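Close look at the chain arrangement
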Amino acid sequence: MTESILLRITGEVGQPKELTFADLTAIDPQFQIADVSSQAGGRKGMAVTLAGLLNVAAVKSSANYLTLHAAADNFHASIPLDGVREKAFLIYALDGAPLAVKAGGPCRFFVPDHLACRSAEIDECANVKFVDTLEFTVGKGHDNRPHDDAAHAALHANEKSHEH
Ligand SMILES: Nc1nc2c(c(=O)[nH]1)N[C@H]1C(S)=C(S)[C@@H](COP(=O)(O)O)O[C@H]1N2
Ligand SMILES: [Mo]
């Protein structure tokens, strides 16, 4: 049986990718963060840097937006690549095993110095959980982050009821 695909990388890339857990762990150590807890507000786990993923998929210089897709709960955020390319990372493992869904797995995007919810394009809401696809585009892609307080509150109430 082949290992399941945890992450797809599509769009403005030289090499579209479908990465398994083994593929993610095989990415060059210079792009791995063994323990994100000091950079990710106490969240635990191992991550691969966005810089490493850009390298693996040979993302084209024309790409200027990154869209994070979570099909699991139909949540999508599209953010300017320049604001995150050197500092964001994707948490994918905990204690040597794939990141569980209850911890935001299979892949959880994180920008260390994100701004407060809905205050900017790169805000806390863009720390997408259950990420399955990274899509690189020229111009902004699909984004359904909540636009107002009521929608944001409703989203969090819904998250709580699902115990994520
Ligand atoms: N897939 C997915 N990712 C998501 C969300 C969501 O509803 N679904 N909510 C976002 C919002 S609005 C915020 S503020 C943060 C909250 O992260 P937390 O659950 O770790 O507090 O996750 C973001 N990532
Ligand atoms: Mo949010």
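See the structure printed just above.
Residues numbered from 1 in each chain as written. Chains lettered and ligands numbered in written order. Predicted model: local features only at pLDDT ≥ 70, side-chain atom pairs only at ≥ 80, totals over all residues. Heavy atoms only, no water.

1. Here we look at the layout of surface pockets
Within this model, the largest pocket holds a volume of roughly 410 Å³. Breaking the lining of the largest pocket down by element, the ones donating at least two residues are β9 (108–110) and α3 (149–161). Looking at the lining of the largest pocket, the element that brings in the most residues is α3, giving four residues. When grouped by side-chain class, the residues that make up the lining of the largest pocket number ten nonpolar, six polar and seven charged. (1 Å grid on protein atoms, 1.4 Å probe; cavity = no way out; pocket = protein on both sides within 12 Å on 5 of 7 lines; lining within 4 Å. Points joined across faces, edges and corners; volume = space filled by probe spheres on them. Helix = DSSP H or I, 4+ residues; strand = E, 2+ residues; numbered from the N terminus. Nonpolar A, V, L, I, M, F, W, Y, C, P; charged D, E, K, R; others polar.)

2. What to know about the pairing of strand β5 (residues 65–70)
Of all six residues in β5, six are buried; the element is thus mostly enclosed. Judged by which residues are buried, β5 turns out to be covered on both faces: Tyr65, Thr67 and His69 on one side and Leu66, Leu68 and Ala70 on the other are all buried. Two strands pair when backbone bridges link them, and β5 and strand β6 (residues 75–80) are joined in this way by six bridges, in the antiparallel orientation. Note that in β6 the partner of Ala70 across the bridge is Phe75. The loop that links β5 with its antiparallel partner β6 comprises four residues; one of these, Asn74, has a positive phi angle of about 55°. (Buried < 20%, exposed > 50% of the residue type's maximum accessible area, 1.4 Å probe, protein only. Pairing = 2+ DSSP bridges.)

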